[in-house]
Amino acid sequence: MAAGDAKPTELTKKFKAMSMLPDGSELKAVMLPRYDKNRKLVGVLKAGTMTLMSAEEIAGTMVSIEFFNPDQSPRGRMDLKKASFNQEKNLLVAKEPVTMQSQRMTATGDGLFYSVAEGKAFLSGKVVTVMKPQAPLP
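What counts as what
Residues numbered from 1 in each chain as written. Predicted model: local features only at pLDDT ≥ 70, side-chain atom pairs only at ≥ 80, totals over all residues. Heavy atoms only, no water. Helix = DSSP H or I, 4+ residues; strand = E, 2+ residues; numbered from the N terminus. Contact = heavy atoms within 4.5 Å. Areas by Shrake-Rupley, 256 points an atom, 1.4 Å probe, with all protein chains shown as cover. Core = buried A, V, L, I, M, F, W, Y, C linked by side-chain atoms within 4.5 Å. Buried < 20%, exposed > 50% of the residue type's maximum accessible area, 1.4 Å probe, protein only. Phe/Tyr/Trp six-rings, centres within 6.5 Å; stacked < 30°, edge-to-face > 60°. Pairing = 2+ DSSP bridges.

(A) Here's a closer look at the overall build of the protein chain. Of regular secondary structure, the protein chain possesses one helix and ten strands. Starting at the N terminus and walking to the C terminus, you meet the elements of the protein chain as α-β-β-β-β-β-β-β-β-β-β. A separation of at least 24 residues holds for 35% of the contacts in the protein chain among residues at least 6 apart in sequence. Of the roughly 8800 Å² that the protein chain leaves accessible, carbon and sulfur atoms contribute 58%.

Structure representation (structure tokens):
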């Protein structure tokens, strides 16, 4: 399935609701949870501020995205100083330092492209990834 063919997620539906606001509208202390089809929390986006730039683009500052396992335990997170979200492309882009963390790895980069529909991220620029050793199997 191509990214453009993807069904809208709960996250993008909530962002589309912002389209009813005039350009330049700013929201503070934003938190947008995302749930799976069984109503289990799979992620949450938090932003210090979100500004509606146009009907297609939303800009955010102090953005973090947390991901959760099916048992609700933390799976990982991304931290971004500034980011913009293109609603038509379902793409989150950051052009400033980014940190991604999980139990087994930490990665930093100069930028990020994150497809919300596909759940895939690409770090850009100078990227450093540190993998933690996996515990040996018994």
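Moving on, there is more to tell.
(B) Structural view of unusual backbone geometry. The residue Q72 is not glycine, and still its phi comes out positive at about 75°. On the secondary structure map, Q72 appears in the loop between β3 (57-68) and β4 (74-86). Here N90, not a glycine, exhibits a phi torsion of approximately 60°, which is positive. Considering the arrangement of structural elements, one finds N90 in the loop between β4 and β5 (91-94).

(C) View of the nonpolar core. Formed by 23 residues in total, the largest nonpolar core has its most connected members in I65, M78, L80, L112 and Y114. Counting residues per element, the ones that place at least two in this core are β1 (26-35), β2 (41-52), β3, β4, β5, β6 (98-102) and β8 (111-115). Look past the residues within four positions of Y114 in its chain and what remains in contact with it is I65, F67, M78, N90, L91, L92, G119, K120 and A121.

(D) Quick peek at the packing of aromatic side chains. One pass over the full model with this rule turns up one aromatic pair. Both rings, one in F67 and one in Y114, keep their centres 6.1 Å apart while their planes meet at 70°; by these two values the pair is edge-to-face. Here F67, found in strand β3, pairs with Y114, found in strand β8; they are 47 residues apart in sequence, far enough to count as distant. In this structure F67 comes out as buried when scored by relative accessible area, which is 12%. Residue classification places Y114 among the buried residues on the basis of a relative accessible area of 5%.

(E) Expanded view of the side chain of E66. Mapped onto the secondary structure, E66 falls in strand β3. Under the relative-accessibility criterion, E66 is labelled buried at 18%. Residues contacting E66, with those up to four places away along its chain left out, are V42, G43, V44, K46, G76 and R77.

(F) Summary view of the environment of D23. If you trace the backbone, D23 turns up in the loop between α1 (10-17) and β1. For D23, a relative accessible area of 54% puts it in the exposed group. In this structure, the C-alpha to C-alpha distance between D23 and L52, residues 29 residues apart in sequence, is 5.3 Å.

(G) Representation of the pairing of β4 in the model. Pairing of β3 with β4, which is carried by eleven bridges, proceeds in the antiparallel orientation. Bridged to E66 within β4 is R77. Note: β4 against β6, five bridges, orientation antiparallel. Of the residues in β6, the one forming a bridge with M78 is M100.

(H) Molecular detail of the side chain of S64. Secondary-structure assignment places S64 in strand β3. Ignoring sequence-local partners within four residues, the contact set of S64 consists of V44, L45, K46, R77, M78 and D79.

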